[in-house]
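# Structural characterization, general
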Amino acid sequence: MTAAGIARLAGVGRAAVSNWRRRHADFPKPVGGTETSPSFALAEVERWLRNQGKLAEVPLRERIWQQLAGHPAGPLAALVQAGCVLLVVRDRPAQWLDAAGGADDRQAADALPALFAPTLAARLGETRAVAVPDSAALRPAVPFLRGVADLAAELGASQAYEFLLGRYLEANPRQYTLTPPGPAALMAALAAPRTDDDAGAAAPVVLDPAAGAGGLLCAVGRAARLCAQEADPGLAALTALRLALRTDADVRAGAGDTLRADAFAQLTADAVLCHPPFNERNWGHDELAYDPRWEYGFPARTESELAWVQHALARLRPGGAAVLLMPPAVASRRSGRRVRAGLLRRGALRAVVALPAGAAPPYGIPLHLWVLRKPLPGAAAPAELLFVDTAQHTVGGAGSVRDGHDWQAVQTAVLDAWQDFDRHGTTEERPGVSRSVPVVELLDDDVDLAPARHLPPPPAGGGARELQGVRERLADTLRLTADLAPGAPSPAAEPASWPLTTVGELARAGALLLRAGGVGAAGAMASAGAVPPAAGAPAVLTEHDVLAGAAPSGTLPEEPREEPVLLQAGDVVVPVLGGGAVVRVADETLAGAALGRNLHLLRPDPDTLDAWFLAGFLRGTAGTRRASSYASTATRLDVRKLQLPRLPLDDQRRYGERFRALAAFEDALREAGRLGERLVQGLYDGLTDGSVSA
């Protein structure tokens, strides 16, 4: 087990585990891993924690996870075995007790394959995604499997598997690309039949041809059959078991390359959901040149995503819907313009939705959703295409808060526009949000389908009336700025000669507490069993927030690797990159926020140090130059080397009042700049779009 696992066992942060290793000579020695990420024996760690009084009993879920991670056949095989056990425990509990209840390990291992086989056949049909584990593989794992059954009694079979699979996926983030719950739910809702057409309709058959961990199919509500194919055989097995445990629908899963070896070649689905691999060059361009799926044009070698689009359409019944998560370049690359034109002319592509940046991996770009319908034979092609842009629903910096979007607002905006358009073939324009565009206007030389090109943003100022309000606020702020402007500085009779000290010396003397931030500003929210941060979890004050004078905009990861440092009013926050151009004193609005990366917190003893005095002297150019390192391309501040004078507390407070006044003046200037930029851009937009008269 790793240090993170030890922290979970003891209910502490990773920093506490590091301290134990340094301070206690009898702490268990690593038995594997690397120097930077060592692993330890569970039994030794458990014994040490009990001896230290730091652990009364290992939680069952943690014990089972550690056994899974250390399974002799590897965690993938352990998850397959666990899924088989959980299916049997849920569907055939009496037979599980007969096979494993009173038998010894060897007898149980010999009996279990005969129990697994009919259970898998009943839930997964003839699928070969999950092979029945044999007795030899099960013998060393029987105690683990009994523990899995106990976990099912505690959590329920489905939730037990969600926990184990979710923990496995979180431990291997680079190996798997997952669709977060927000986009998955939106895609499932877009593909669902219209409510006015759904009365009495049979439950749909839904396909995901690039299923990954099954996040998209998990988001589907009522379904008669869920069909999943995944290229990775191990992940295909886990997805099949996950779906079988989560739903009563008939589950079919296949392993293999979908484009080259389609496991559902004869399927006619009601809906297709797909998060295909992006930018694949080796997708079968040479072998599949004459494939009948390319009904809308043969995709170029660089257009693998358009191959997935046409595969989805080929597996749909007429009138069925497909929703694919796409990189934005697919909407405008010249190499794909003929296929895009074919999709428009035939009426297969019905909407393009731009998601907020950071909605799904890769997090740095705003991905698109393509909504398609397979044309009905003999029906006229729709005359318009819907564009929707949800970028305004991003919370925090783009990509900095992975699951920090208001997904309810995103889903409402998209579904309101889509459902109206789907019923009537057109919709009223909502400036900057949604608009339906005649297909004939899109069939130019580029066939550019990027929503940003067809959805000009609303005026920055929000119209003439709001611009007037901005102007009034700017005038008030400018008057405040004039009132706060410092008076003419009077020269000192002679340069001050103070005895100096450093932040490091003050920290050692106990005059202040020095802490470094380190929590991430974003949670790695996987679709497998992940949940949003708990209500009341602290926001993260990021480096960008400090530099911009903004409110905390980051969110804690679901399981931070270390205990977050929480701010108190009066703390002094110093960014360590950029040469010390900004120092911020926390007020009540920042109290309780967590300190982000590249930030240091200085908490002065109020009986010894004035916070504003400390913050003001830390911004002095001469001091920050002496404490800065220029060894790399980014100037880094060594906070411990920052100097300030040794002055009596009354003198500190006198200087502190001057520094506080300067900070208020600086804030007013910053606000005036923001309002001025908003007013100027709003006037430009209003004059050019006609909403403001010249």
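As a reminder, the structure under discussion sits directly above these lines.
Our subject in this report is the structure included herewith. (Residues numbered from 1 in each chain as written. Predicted model: local features only at pLDDT ≥ 70, side-chain atom pairs only at ≥ 80, totals over all residues. Heavy atoms only, no water.)

## Some remarks on the overall build of the protein chain
A tally of regular secondary structure across the protein chain gives 24 helices and 22 strands. Projecting the C-alpha coordinates of the protein chain onto the three principal axes gives extents of approximately 95 × 80 × 45 Å. Across the 694 residues of the protein chain, 49% fall into the buried class. Contacts in the protein chain between residues far apart in sequence, at least 24 positions, make up 73% of those at least 6 positions apart. Carbon and sulfur atoms make up 52% of the accessible area of the protein chain, which totals about 32,100 Å². (Helix = DSSP H or I, 4+ residues; strand = E, 2+ residues; numbered from the N terminus. Buried < 20%, exposed > 50% of the residue type's maximum accessible area, 1.4 Å probe, protein only. Contact = heavy atoms within 4.5 Å. Areas by Shrake-Rupley, 256 points an atom, 1.4 Å probe, with all protein chains shown as cover.)

## Considerations on the sheet that holds strand E16 (residues 572-575)
Strand order in the open sheet made by the four strands is E13-E19-E16-E17, with antiparallel pairing throughout. Looking along the sheet, the strands with just one partner apiece sit at the ends: strand E13 (512-516) and strand E17 (584-585). The sheet contact formed by E13 and strand E19 (residues 599-604) spans five bridges and is antiparallel. Residue pairing for E19: leucine 512 is matched across the bridge by proline 604. Across the sheet, helix H22 (residues 611-618) is in contact with E13, E16, E17 and E19; its angle to E16 comes to roughly 15°. (Pairing = 2+ DSSP bridges. Axes fitted to C-alpha atoms, helices over the stretch in contact; angles between N-to-C directions.)

## Focus on the packing of helix H1 (residues 3-10) against helix H3 (residues 42-51)
The interhelical angle for the contact between H1 and H3, taken along N-to-C directions, is 40°, at an axis separation of 11 Å. Classed by the angle they form, the pair H1 and H3 counts as oblique. Note on packing geometry: the crossing formed by H1 with H3 is right-handed. Side by side, H1 and H3 meet where Ile6, Leu9 and Ala10 of the first sit next to Leu42, Val45 and Leu49 of the second. (Parallel < 35°, antiparallel > 145°, perpendicular 65-115°, else oblique. Left-handed = near helix turned anticlockwise from the far one by under 90°.)

## Topic: helix H19 (residues 464-484)
Along its 21 residues, H19 runs 30 Å from first to last C-alpha, staying within 8% of the 30 Å computed at 1.5 Å per residue. For H19, the set of buried residues is Leu467, Val470, Leu474, Thr477 and Thr481. Seen along its axis, H19 keeps its buried residues to an arc of 80°; they face one direction. Of the residues in H19, the exposed ones pointing more than 90 degrees away from the buried face are Arg465, Arg479, Ala482 and Asp483. Buried residues in H19 make contact with helix H24 (649-689). (Expected span 1.5 Å × (residues − 1). Arc of directions from axis to C-beta.)

## Here we look at unusual backbone geometry
What you tend to see is this: most non-glycine residues have negative phi, and most peptide bonds are trans. Put simply, proline 361 and proline 362 share a cis peptide bond, and its omega is -5°. Positioned with a positive phi, asparagine 279 is a non-glycine residue whose angle comes to about 55°. Along the chain, the position of asparagine 279 falls in the loop between strand E6 (269-274) and helix H14 (304-314). Its identity as a non-glycine residue notwithstanding, asparagine 598 has a phi of 60°, on the positive side. Judged by its relative accessible area of 29%, asparagine 598 falls in the partly exposed class.

## Here we look at the pairing of strand E4 (residues 225-230)
Burial analysis of E4 places five of its six residues in the buried class, the great majority of the element. Judged from the four bridges that link them, strand E3 (residues 205-208) and E4 form a sheet pairing that is parallel. Residue pairing across strands places leucine 207 opposite cysteine 227, the latter belonging to E4. Handedness of the crossover is the feature at issue here: the chain leaves E4, passes through helix H13 (residues 233-246), returns alongside strand E5 (residues 250-255), and the resulting connection is right-handed. (Right-handed = clockwise from strand over helix to strand, strands pointing away.)

## Structural notes on the packing of aromatic side chains
Inspection of the entire model under this criterion finds twelve aromatic pairs. Between tyrosine 168 and tyrosine 176 the ring centres are 5.9 Å apart and the planes differ by 55°, which places this aromatic pair in the tilted class. Neither residue differs from the other here; tyrosine 168 and tyrosine 176 are each classed as buried. Between the aromatic rings of phenylalanine 617 and phenylalanine 659, the centroid separation amounts to 5.5 Å while the plane-to-plane angle is 85°, which identifies the pairing as edge-to-face. With phenylalanine 617 in helix H22 and phenylalanine 659 in helix H24, this residue pair connects regions lying 42 residues apart in the sequence. The structure contains a cluster of three or more aromatic residues connected by ring pairs, namely Trp498, Phe613, Phe617, Tyr655 and Phe659. Lying over the aromatic face of phenylalanine 163, arginine 61 brings its terminal NZ or CZ to 5.2 Å of the ring centre. (Phe/Tyr/Trp six-rings, centres within 6.5 Å; stacked < 30°, edge-to-face > 60°. Lys NZ or Arg CZ within 6 Å of the ring centre and 35° of its normal.)

## A few points about the nonpolar core
One finds Val130, Leu186, Leu190, Leu273 and Leu369 to be the most contacted residues of the largest nonpolar core, which totals 95 residues. The element best represented in this core is helix H5 (residues 75-91), accounting for ten residues. When sequence neighbours within four positions are dropped, the list of residues in contact with leucine 273 reads Met187, Ala188, Ala191, Val206, Leu207, Asp208, Pro209, Leu216, Val220 and Val323. With 44 residues, the next largest nonpolar core counts Cys227, Cys274, Val330 and Leu343 among its residues. (Core = buried A, V, L, I, M, F, W, Y, C linked by side-chain atoms within 4.5 Å.)

## A word on the side chain of threonine 502
Secondary-structure assignment places threonine 502 in strand E12 (residues 500-502). Assessed through its relative accessible area of 17%, threonine 502 is described here as buried. The contacts of threonine 502, once residues within four sequence positions are left out, are Arg640, Lys641, Leu642, Gln643 and Leu644.

## Let's talk about helix H15 (residues 337-346)
All buried positions along H15 are accounted for by Val339, Arg340, Ala341, Gly342, Leu343 and Leu344. Glycine 347, located one to two residues past H15, shows a positive phi value of around 80°.

## Observations concerning the sheet that holds E5
Taken in spatial order, the nine strands make up an open sheet running E5-E4-E3-E6-E7-E9-E8-E10-E11, and their pairing is mixed. At either margin of the open sheet sits one strand with a lone partner, and together these are E5 and strand E11 (434-438). Taking the axes of each pair of neighbouring strands and ignoring which way they run, one obtains an average angle of 15° across the sheet. Bridge count between strand E10 (residues 384-389) and E11: five bridges; the pairing is antiparallel. Bridging across to E11, valine 388 finds its partner in serine 434. Its contacts with the sheet place H14 against E6, strand E7 (316-326) and strand E9 (368-373), and it is angled at close to 155° to E7.

## Structural notes on the pairing of E16
Residues Val572 and Val574 line one face of E16 and the alternating positions Val573 and Pro575 line the opposite face, and both faces are buried. Direction of pairing for E16 relative to E17: antiparallel, over a ladder of two bridges. Bridging across to E17, valine 572 finds its partner in valine 585. Relative to E19, E16 runs antiparallel, the two sharing four bridges. Residue pairing in the sheet places valine 572 in a bridge with leucine 602 of E19.

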